[in-house]
Amino acid sequence: MREKSTTLYIGPQHPGITGNMMVKLQVEGDTVVKAETHVGYLHRGFEKLMERRNWLQSFTIVCRICVPEPDPNEENYARAVEEIEGREVPERAKYIRVMTLELARIASYLLWYGGQAGSAGLYTMPQWSVGDRNYILDLFEDLTGGRIYHMYIWPGGVRRDLPKGFKDKALKTMDYLEKRIDEYDKLLFENSIFQKRAKGVGIIDKNKAIEWGVVGAPLRGCGIKSDVRIDDPYEVYDKLDFEVPAMEGGDVWTRALIRRFEIRQSINIVRQTLEKMPGGEFYNKIPNPMKWKIPAGDAYVKTESARGEFAYYVVSDGTNKPRRVHVKGPAYVHGVTLLENLLVGENISDVSFIMNSLGTCPPEIER
Amino acid sequence: MSFFNLKGILSPVTALKQFGKKPHTVGFPEVSIEASDRYRGLHFNDLDACIGCGNCSTICMNNAIDMIQLDGIEGEKGDSGLRPRVDNGRCCWCALCVEVCPTGSLNLTKEYNFVSTDASDFLWTPGLSNKDKKDKISFVSDKETSLTEYTRVPMRELDGMERIKSFAEAVLGYNEEEARREASRCISCSLCTESCPDHMHIPEYINAIASGNDADALRIIYDNNPLPEMCGKVCTRRCEDVCAISVRGEAVAIRWLKRYATETAKNADIIKEIVNPEIREANGLNVSVIGAGPSGLTVAYYLALRGYNVTIYEAKAKAGGMTYYGIPKYRLPEESLEKQVGYIQSIGVKINFNTRVGKDISFNEIYEKSDAVFMGVGYEKPWTLGITGEDLEGSLQAVTYLDAINSGKEINIGDKVAVIGGGNVAIDAARVARRKGADVTIVYRRRIEDMPADWEEIEGAEDEGVHIMQQGIPLEIVGKNGKVTGLKIAHAEMIPDPNGGRPRPKQIEGSEEILEMTAVIGAIGQEGDYSFLPEEIMKQLKIERGRFVVNEGGQTNLSKIFAGGDSVNKTADAISAIADGFRAVKAIDKFLNK
């Protein structure tokens, strides 16, 4: 006698899963009838750890909340602390921050290219995009001293000024990447296999997206133009010229197109920041970190990360340690509520394909 | 859409043109990539520049840095002798240790490859285990980027020309905001505690000030110093000489912070209320203290707290010893000392003023009725210059002069005064004479930078218009009709010491000249006056080079007699005297409670 449905487990260790989490699938034939996400394999207790670290020591762990794109965490933490303390940030630092955030966005999208194509079985794309991402990591290495964890944007500004020759190197890298995007198009977006796999798969309903609090590319892929950089500009985004794409569709294909379009915008923003960057200080020095106290207060700040709106709620009770740091990453919605609903009715082979298109990142779910 | 659209099949094939292009990757280990100039790789520590303050270890939340003892590195003043050891298995290369290193000795390098099959290999001492990597330093913190605050909050003072109009206190003290800001510069490394003769709990009270808890600061300060406000104003502050921040910047103003904390208590009653010391029940033991100077007051205060019946015999009308009669009032106002002495009296210390031992009361009488005697008699007999003309009217010694002024007497010094010497007493005498309207020249054998006086005092004197003549050797005091009319000096050249010591002045032949003067004040040192001691005690007491020989607890060879302060201690400053007193308290307590 044939069983009607079977239980399958994907993850926590699985190449198709972004990070360590597990999806328990109830399948009938090749079709998913129920998806249940299981997290808890990656809990490192960041929020709790920060309660016993002083304000500067906490700065070094926020970046670890997201490996592919650590900078929005640094940006959020720094901006929250600055807001509570009332610390001014030099104009130059703001430009450097925006540049760093956009470089991180590009690096993150390049990694996404690899994941999205890789989960469709197109293995040349990851080789290319991860290789090209390395050129951004080179820039990060020059700028911050670290390739993955930059620990660069900190309260008061940025940690170091641009190194000598950075501008030229960065502009060259941008030119190179821009050309490469065309080649990626040929390899991925013009590829029949990808088109066939992506179109009409993992469709998010526009109303549900709003209801669930979907953000970032998945939301813009539903035709809703929402981006923190436009809606609630921080740093110097209001002084820069760029567009935020939004398209109707709601499927994997639309989300992919949006990201492809955004890379070009980010390249453009990086160029603008490098051109418009004023001289002067890059850092409004904090006092001795051992005795640095932040007046009591709280701040809710948000940044547009590559995966969507990324927010921090920071509370100070007037001591030298944060009372509470709450991290609200987009993956909580995308990786749990949205994914569980989206997978129903889809093919098993599309599970990690859809997951990649949402940009889930388990460390954000379990901070 | 059909699966067989031609473009969709051909486009990806264009990727084939990448064949034959230079690859992105390089072959390792044939080719190794040099990391960037700012790379955060393995640590390197300049072991000679490091002072072992341990700030790197404090900031590291991964507990990756331990401070350990290394062979061949001894602790000394301003160096704990410890060096950081890094557990590379715990390090996350955030480089906060580099950012907070006050000396800039700790850096990260371009090195990122370290392979070993033995886990214990990852625990190593930067700078020792990778000696040859100094040229690989990449992530550094210079003074601009370092998180250490190198600039001191400036102290507000009266203007130099304003100061000389009166004996008003020249230094105005920090206000609350300034004190908090200055206190927050401290990195709590405790190198200062080691250097302070009295080992005051400096990081603790500075921390209390930084956290806005002045009362706590005062309590901590009173734990081992009963005259903190005096120290807060005039201490020689060896602590600041070794401050970790002073290696690359300006030391934390430890003295001014102590002054701030103590000045928050406006009178003796408030001090008592805040410090609220535990006074033990009377134990019936009598201790006599000769001299109400810093060491005597310290012994009296802490023994009284321990339940002893303490009586001080003071020859003069006021307590404080040299701090009252030697230090000018613009540095240490009378009210300040009275407040502190008043507090000491308020916990039960009896002071018999105007009672010179050996004259008003015999030493033997005190000796007989006490279970222990502490002598804090100081050095009050000034040395003379040993040149001709010192018997002339207008030739006097600085200590005598300061004593007279501080006692409210007037001494006519005329309008052109030479002060001979380069110590704090010389500067004090010069600045006092300046306030008395004289045109003052300090004549010093060596250069200004060789002067033992506090640099702030030297600067203060210069601000007030005191002229400093360096490399001037006094030869003779010239006079007419029994009065000083001038000082004959010769100029000197500095001869380097072949043994590496400080250069010595050598008289230049034919450079003699006579400076017109109405008074010459000598300030080249003092010695003790022990004439109050009976002959049989003098015979038995061990005295070497004018100082009592004592053990580590201040006990002389006569077990009932203890001594401290200048008459024991070569450093001859108030804080050393207090430290002597504090040590003697423990020794006396132990001696009497055998």
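Fair warning: this is a prediction, and the values are worked out from it, not measured in the lab. (Residues numbered from 1 in each chain as written. Chains lettered and ligands numbered in written order. Predicted model: local features only at pLDDT ≥ 70, side-chain atom pairs only at ≥ 80, totals over all residues.)

### Considerations on the overall build of chain A
Helix and strand content of chain A: 14 helices and eight strands. Scaling as 2.2 N^0.38, a compact globule of 367 residues should have a C-alpha radius of gyration of about 21 Å, and chain A matches this with 21 Å. Scored against the burial criterion, the 367 residues of chain A give a buried share of 52%. Sequence-distant contacts in chain A: of pairs separated by 6 or more residues, those separated by 24 or more amount to 71%. (Helix = DSSP H or I, 4+ residues; strand = E, 2+ residues; numbered from the N terminus. Rg over C-alpha atoms; globule rule 2.2 N^0.38 Å. Buried ≥ 20, exposed ≤ 12 C-beta atoms within 10 Å, placed from the backbone. Contact = placed C-beta atoms within 7 Å.)

### Quick look at the overall build of chain B
The helix and strand tally for chain B stands at 21 helices and 24 strands. For 594 residues, the compact-globule estimate of 2.2 N^0.38 gives 25 Å, and chain B exceeds it by more than 25% at 31 Å. In terms of overall dimensions, chain B has a C-alpha envelope of 125 × 70 × 45 Å along the principal axes. A fraction of 73% describes how many contacts in chain B between residues 6 or more apart in sequence connect residues 24 or more apart.

### Considering the pairing of strand S13 (residues 416-420) of chain B
Residue and element names in this part refer to chain B. Within S13, five of the five residues are buried, leaving the element largely enclosed by the surrounding structure. Of the two faces of S13, the one holding Lys-416, Ala-418 and Ile-420 and the one holding Val-417 and Val-419 are both buried throughout. The pairing of S13 with strand S14 (residues 439-443) spans five bridges and is parallel. The residue of S14 that forms the bridge with Val-419 is Ile-442. For the crossover that starts at S13, traverses helix H18 (residues 424-435) and ends in the parallel S14, the hand is right-handed. Here four bridges tie S13 to strand S20 (residues 519-522), and the two strands are oriented parallel to one another. Within S20, the position partnered with Val-417 by the bridge is Ala-519. (Pairing = 2+ DSSP bridges. Right-handed = clockwise from strand over helix to strand, strands pointing away.)

### Quick look at the domain arrangement of chain B
Residues and elements named next belong to chain B. Domain annotation for chain B reports domain 1 (43-139), domain 2 (160-274), domain 3 (287-373 + 528-592) and domain 4 (382-525). For domain 1 and domain 2, the distance between their C-alpha centroids amounts to 32 Å. Facing 10 residues of domain 1, the contacting portion of domain 2 comprises nine residues. When its residues are assigned to classes, the side of domain 1 that touches domain 2 shows three nonpolar, six polar and one charged. (Domains from an automatic or database assignment. Nonpolar A, V, L, I, M, F, W, Y, C, P; charged D, E, K, R; others polar.)

### Observations regarding the nonpolar core
Grouped together as the largest cluster of nonpolar side chains are 261 residues, with contacts concentrated most on Cys-97, Ile-209, Ala-300, Phe-374, Val-419, Ala-429 and Ile-521 of chain B. For this core, the element with the highest residue contribution is helix H4 (residues 91-118) of chain A, accounting for 16 residues. Excluding residues that lie within four positions of it along the chain, Ala-300 of chain B makes contacts with Val-289, Val-310, Ile-312, Ile-344 and Val-349 of chain B. (Core = buried A, V, L, I, M, F, W, Y, C linked by C-beta atoms within 7 Å.)

### With respect to the sheet that holds strand S15 (residues 467-469) of chain B
All names here are of chain B. Across the sheet, which stays open at both edges, the five strands sit in the order S12-S20-S13-S14-S15 with parallel pairing between neighbours. Bordering the open sheet on either side are strand S12 (395-397) and S15, each of which pairs with just one other strand. On average, adjacent strands in this sheet sit at an angle of 25° to one another, irrespective of strand direction. Pairing between S14 and S15: three bridges, direction parallel. Looking at the pairing, Ile-442 lines up with Ile-468 of S15. (Axes fitted to C-alpha atoms, helices over the stretch in contact; angles between N-to-C directions.)

### Re helix H7 (residues 202-210) of chain B
Every α-helix winds through 3.6 residues per turn, so residues three or four apart in the chain are directed the same way. All names here are of chain B. Most of H7 sits inside the fold, with seven of its nine residues counted as buried. Those residues of H7 that sit buried are Ile-202, Tyr-205, Ile-206, Asn-207, Ala-208, Ile-209 and Ala-210. Two residues or fewer past H7, Gly-212 is found with a positive phi of approximately 80°.

### A few points about the sheet that holds strand S2 (residues 65-69) of chain B
Across a sheet, strands are paired by hydrogen bonds formed along the backbone, either parallel or antiparallel in direction. Residues and elements named next belong to chain B. Pairing is antiparallel in the open sheet, where three strands are placed in the order S2-S3-S5. Bordering the open sheet on either side are S2 and strand S5 (123-124), each of which pairs with just one other strand. Pairing geometry for strand S3 (residues 82-87) and S5, over two bridges, is antiparallel. By the bridge assignment for S5, Asp-87 is matched with Leu-123.

### Re the interface of chain A and chain B
The partner chain B presents 36 residues to the 27 residues of chain A that form the contact. For the side of chain A that touches chain B, the elements supplying multiple residues, two or more each, are helix H2 (55-62), helix H5 (124-144), helix H6 (166-189) and helix H7 (192-198) of chain A. A per-element tally of the side of chain A that touches chain B places H5 of chain A first, with five residues. Of the residues belonging to the side of chain A that touches chain B, the class tally is eight nonpolar, 11 polar and eight charged.

### A few points about helix H19 (residues 455-463) of chain B
All names here are of chain B. Residues of H19 that are buried include every one of Ile-458, Gly-460 and Ala-461, and no others. Looking down the long axis of H19, one finds its buried residues gathered within 160° of arc, a one-sided arrangement. Every exposed residue of H19 that faces more than 90 degrees away from the buried side is listed here: Trp-455 and Glu-459. Just downstream of H19 lies Gly-465, where phi reads positive at about 90°. (Arc of directions from axis to C-beta.)

### With respect to the environment of Val-399 of chain B
Residues and elements named next belong to chain B. Here Val-399 shows up in helix H17 (residues 398-406). Counting along the chain gives 177 residues from Val-399 to Ser-576, while the straight-line C-alpha distance between them is 19 Å. Beyond its immediate stretch of four places on either side in the chain, Val-399 contacts Gly-326, Glu-380, Pro-382, Val-425 and Gln-526.

### Considering the environment of Gly-40 of chain A
Here Gly-40 of chain A shows up in the loop between strand S3 (31-38) and helix H1 (46-50). Separated by 28 residues in sequence, Gly-40 of chain A and Pro-12 of chain A place their C-alpha atoms 9.5 Å apart.

### What to know about the packing of H18 of chain B against H19 of chain B
All names here are of chain B. Put simply, H18 and H19 touch, their axes get as near as 10 Å, and they point 20° apart. When the axes of H18 and H19 are compared, the pair comes out roughly parallel. Relative to H19, the crossing made by H18 is left-handed. Between H18, through Asn-424, Ile-427, Ala-430 and Arg-431, and H19, the contact on the second element is made entirely by Glu-457, Ile-458, Gly-460 and Ala-461. A per-class count over the contact of H18 with H19 returns four nonpolar, two polar and two charged. (Parallel < 35°, antiparallel > 145°, perpendicular 65-115°, else oblique. Left-handed = near helix turned anticlockwise from the far one by under 90°.)

### Digging into unusual backbone geometry
All names here are of chain B. Along the chain, Phe-28 connects to Pro-29 via a cis peptide bond; the corresponding omega equals 10°. Along the chain, the position of Pro-29 falls in the loop between helix H1 (6-13) and strand S1 (43-45). For Ser-188, which is not glycine, the phi dihedral falls at a positive 55°. Structurally, Ser-188 is set in the loop between helix H5 (176-183) and helix H6 (191-195). With a phi angle near 45°, His-199 is a residue other than glycine that sits in the positive phi range. On the secondary structure map, His-199 appears in the loop between H6 and H7. The partly exposed category is assigned to His-199, around which 15 C-beta atoms lie within 10 Å.

### Remarks on the confidence of the model for chain B
Looking at chain B as a whole, the pLDDT averages 91, with 99% of positions reaching at least 70. Of the two predicted TM-score estimates for the complex, the pTM is 0.88 and the ipTM is 0.90. (pLDDT = per-residue confidence, 0-100.)

### Some remarks on the packing of helix H12 (residues 268-275) of chain B against helix H15 (residues 334-346) of chain B
Residues and elements named next belong to chain B. Packing of H12 against H15 leaves a shortest axis separation of 8 Å and a crossing angle of 55°. As judged from the angle between their axes, H12 and H15 are oblique. H15 is crossed by H12, and the crossing has right-handed handedness. Counting all contacts with H12, which are made through Ala-268, Ile-271 and Lys-272, the residues of H15 involved are Lys-339, Gly-342, Tyr-343 and Ser-346. Looking at side-chain class alone, the contact of H12 with H15 contains three nonpolar, two polar and two charged residues.

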